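Coordinates in review
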Amino acid sequence: MSATSEEKHVGKSIENMLREIFEKELSGDPEARDLAMKILEEYKSRGRRGVKELLESLVEQYDASLEGA
Amino acid sequence: MTLLLRELEVEGFRVFRDPFKIKINEGLTVISGPVGSGKSSIISAIEYALYGTDANIDKKLYTRRDLVNDSSETARVSLLVEAEGEGLYKFERIITKSGKEKATLVLPSGETIQGAEAIKGLVEELTGLDFFEFSRSVAVSYVSLFLLAYGGSSARSNVIDRLLGIESVKELASSLSIKLFENKLNEIDSQIESIRELFGGETYETSGQEEYTVVKKELEGLKAEKEKLENEKKKLEPYAEKYQQIEQQIKGGEGALKVLEEQLKKGVLSMEEITEALIQVQEKLLSTAEKLQVPDSTRKKIENIEIGGKNLENVFGELEAAYSELTNIYYEKYEALKEQEAHLKELHGRLRAIEENLVNFERDVDNYEKAERIVEELKNKYGDEKELHQKIQELSRELDELQRASQMERYALVLKRHVAEKVAKNGEADCPVCGSKVTSEFLEKAKLDVSQGSKKIRDIEEKIRQLEERIKELKSALEDIRTNNLVIISLQDRYDTYHEMLDQKQQLEEELETENMEFQKAKAALEDIEVELKQTRNELSRLRKEYAKIPLVNQAYEIKSNLSKLQANLSELKPYWEKYRELEEKIRELESRINEKTQRLSFLEEKSEEIKRTMDKLEELRLERERIARMAQNISRIKGILINVHSELRKNKIQELNNTMNKLVKTMYPYTDIEEVRVRIRTPPKAEDRQPQKKYSTYVIEAKTSGNWLPFTSRMSDGQKTIIFLALALGISMLTNKKVGFVILDEPLPNVDTQIKISFLKNILPSLGLRQAIITTQAEDIAEKLEGVTLVKLKR
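Calculation criteria
- Residues numbered from 1 in each chain as written.
- Chains lettered and ligands numbered in written order.
- Predicted model: local features only at pLDDT ≥ 70, side-chain atom pairs only at ≥ 80, totals over all residues.
- Pairing = 2+ DSSP bridges.
- Helix = DSSP H or I, 4+ residues; strand = E, 2+ residues; numbered from the N terminus.
- Axes fitted to C-alpha atoms, helices over the stretch in contact; angles between N-to-C directions.
- Contact = placed C-beta atoms within 7 Å.
- Core = buried A, V, L, I, M, F, W, Y, C linked by C-beta atoms within 7 Å.
- Buried ≥ 20, exposed ≤ 12 C-beta atoms within 10 Å, placed from the backbone.
- Nonpolar A, V, L, I, M, F, W, Y, C, P; charged D, E, K, R; others polar.

1. A word on the sheet that holds strand 5 (residues 87–96) of chain B
Residues and elements named next belong to chain B.
- As summarised here, the arrangement of the 6 strands in space is 2-1-4-5-6-7, forming an open sheet in which the pairing is antiparallel. Both outer strands of the open sheet, strand 2 (20–23) and strand 7 (112–114), are each paired with one neighbouring strand and no more. Along the sheet, successive strands turn relative to each other by an average axial angle of 15 degrees, direction set aside.
- Pairing of strand 6 (residues 101–106) with strand 7 involves 3 bridges; the strand directions are antiparallel. Across the sheet, residue Val-106 finds its bridge partner in strand 7, namely Thr-112.
- Contacts from helix 1 (residues 39–51) reach strand 1 (3–11), strand 4 (74–83) and strand 5 within the one sheet, and its direction differs from that of strand 4 by about 75 degrees.
- Across the sheet, helix 3 (residues 116–127) touches strand 1, strand 4, strand 6 and strand 7, and the angle it forms with strand 6 is around 45 degrees.

2. Here's the deal with the sheet that holds strand 13 (residues 708–711) of chain B
All names here are of chain B.
- Spatial strand order, 11-12-13: 3 strands in an open sheet with antiparallel pairing. In this open sheet, the two edge strands, each paired with only one partner strand, are strand 11 (676–682) and strand 13. Strand-to-strand twist across the sheet, computed as the mean angle between neighbouring axes with direction ignored, equals 35 degrees.
- Relative to strand 12 (residues 698–705), strand 11 is paired through 7 bridges, and the arrangement is antiparallel. Paired with Val-679 across the strands is Ile-701, a residue of strand 12.

3. Here's the deal with the nonpolar core
Residue and element names in this part refer to chain B.
- Core analysis: the largest hydrophobic core is formed by 116 residues, its most contacted members being Ile-46, Ile-724 and Ala-727.
- Ranked by residue count, the leading element in this core is helix 14 (residues 441–668), at 14 residues.
- By size, the runner-up hydrophobic cluster in this structure holds 17 residues, among which are Val-281, Val-315, Ala-322 and Leu-543.

4. Overview of the interface of chain B and chain A
- The partner chain A presents 25 residues to the 30 residues of chain B that form the contact.
- Listed by contribution, the elements that provide at least two residues to the side of chain B that touches chain A are helix 3, helix 4 (131–137), helix 7 (167–175), helix 8 (179–199) and helix 14 of chain B.
- In terms of residues, the side of chain B that touches chain A owes the most to one element, helix 14 of chain B, which gives 8 residues.
- Across the side of chain B that touches chain A, the residue classes break down as 14 nonpolar, 7 polar and 9 charged.

Listed below in structure tokens is the structure:
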């Protein structure tokens, strides 16, 4: 994506800081930590909409697995 | 290294259709002009030249294509930037109306970099800011200031967050919706509840299992009982088979007896009666043989049949043979009669043919007879042809003579008249015949002669006429005779043939009459014989049937006797048979019950499978519920962390911000009524133990006047508010920006007095520690009064 068209939703310094905090706060819960990182990544590139869709896809995993079955 | 602006050139960019260039010096550059003159376009051009976007594109208020002037096909922006210690960087971007862009960067070394992506990296390195950071720390717009001053507390907090670069933390936290998970959990709970309601839960499963065990046991018991009964039944099978066999025999016997009794119902003739009847048949056959005029041998054969013997079967045979022989003879006679009949038909045919032929001859015969009659009549009247011919010749000669005489008479008469006329004239004349002299005496005589001669001529002519008529009549008769004779001659053969045929016809008629009489007689005789033969045949047939009945009586007796024996046997076998039937019935009942139980078992098995599937489904839903709940918990936890981080960030930033802000207020604001300003964090109550934080902190902006801290909204004028929030925005800029030596302010002081504006413009750069400030304003009169200010005046 070019610099002119890219939508950046979080500054680099804040992003790094959040990563460090998640690592520290959620070190005893890898599942929660991974989820937090995934959310941060999604927010960085796609903002609120990206996070919303990610959460929806997480909720819908069950339905998809049922359909697959 | 400090980054400074040096020169901006635009063409076809936003309001600038024509080429426009400004040099940007150290110090303050004020861009003034009326609304729509292009003040904001210059700020937009600087942002676009560096980052390929501007604040409005970033806020999605318009697109990059809208940067191109309405009257131009392309927009071009060129910006010269100096990095102290390095040299000049020249940024150039050209964009078309279709949005196609060409970006170029010429480095201080003269090297040219092409492409937006490569330039982006270098710009961020030079400024130490991405566009996100540049737009909140270098290019401060009045929109931000307006929201700070006049927005609600929440909007204000968001703007401050944005300026501080921490609003993304809050936005990220608020985007983590727990509601989504709660809804899903409710949905799963509802599914679990409805499944439980539908299937009655585990109780049903247990009761179904119990029933299954009971039914299975019952089924096994029934099958064992059935097997036992079937063994018993097997032992009785030979008796049952025998019983059924006898029953079948009795049924057959009764049927046969019924038929026999039906046959014997009309009575039976005795042997004597049959013998007597057969004798009559023999006599009848003899009578028929007589009529048929059979050979003696045949007749004797019939006479020799001995009917009195014991074996009537032979007698029947002999009589039937005799009957057959007579029948054959009858048929021979019958064939002869048919031949006779055919001959009669032939004779009739011939007669009809002659009659038809006679009709054809009749006309000629009539003509012949008519001619013959005419000739006969003419002969009778005039004589035959020869005589008639002679008469005509005679009369013709006589006619010739009369005609000559008449002619002579006429000549003489003419001569006498001639002489007489000469005498009368001359008194005399020479006779032209004899030459002698004729005188007047001759006249008298001549008169008399003429008169007599005329009379004579008339008489002769009368005779001639009569003679001619007679000749004509005779000639006509002769002609008729000859004509009719010709007819007779020409029709003579046909006339003779006709009469021959008449003779033949007569002969045939006589022959037919005789033959027909004989035929009718023979036919009548044969018809009588046929009747007799039929009667004989019927009688023989009847007697045969009667004869055949005699053994039936014995047969019926035998059947009855046999049936009695069978009935006795059947009675003996009946207890076994009844037992057998009873067992059969019981087995059938058992089979029916086994069937019912099997079906029930099958149903319970299916139900059990269904319950299992439901349990699996419930387990699946339970696991999913756990997963969603766990995820909701995680999301909630992450959200809590983010909210806490956000609050901490606010706290950390706020002290430094407050110091900078007060410094700015003191240098920019020339009055003393505002003693101090601060941004305070209002923290929500702490969440319960181990519960994630759900509420956000907010900023409270306060001003100290007369020694009291008051919310900025109390007693503050719009101008004071503007100063406070401009200080806040610039304070935030100072916290963020470390490399860029300039600030861009778009209409920063819309509603303050001249003193404040002058103070602000004088002190902005020293207060911020920056070397360049580009400010757009409509207050060009104030800018003109200040020294060291570059004023760029724009016109519409």
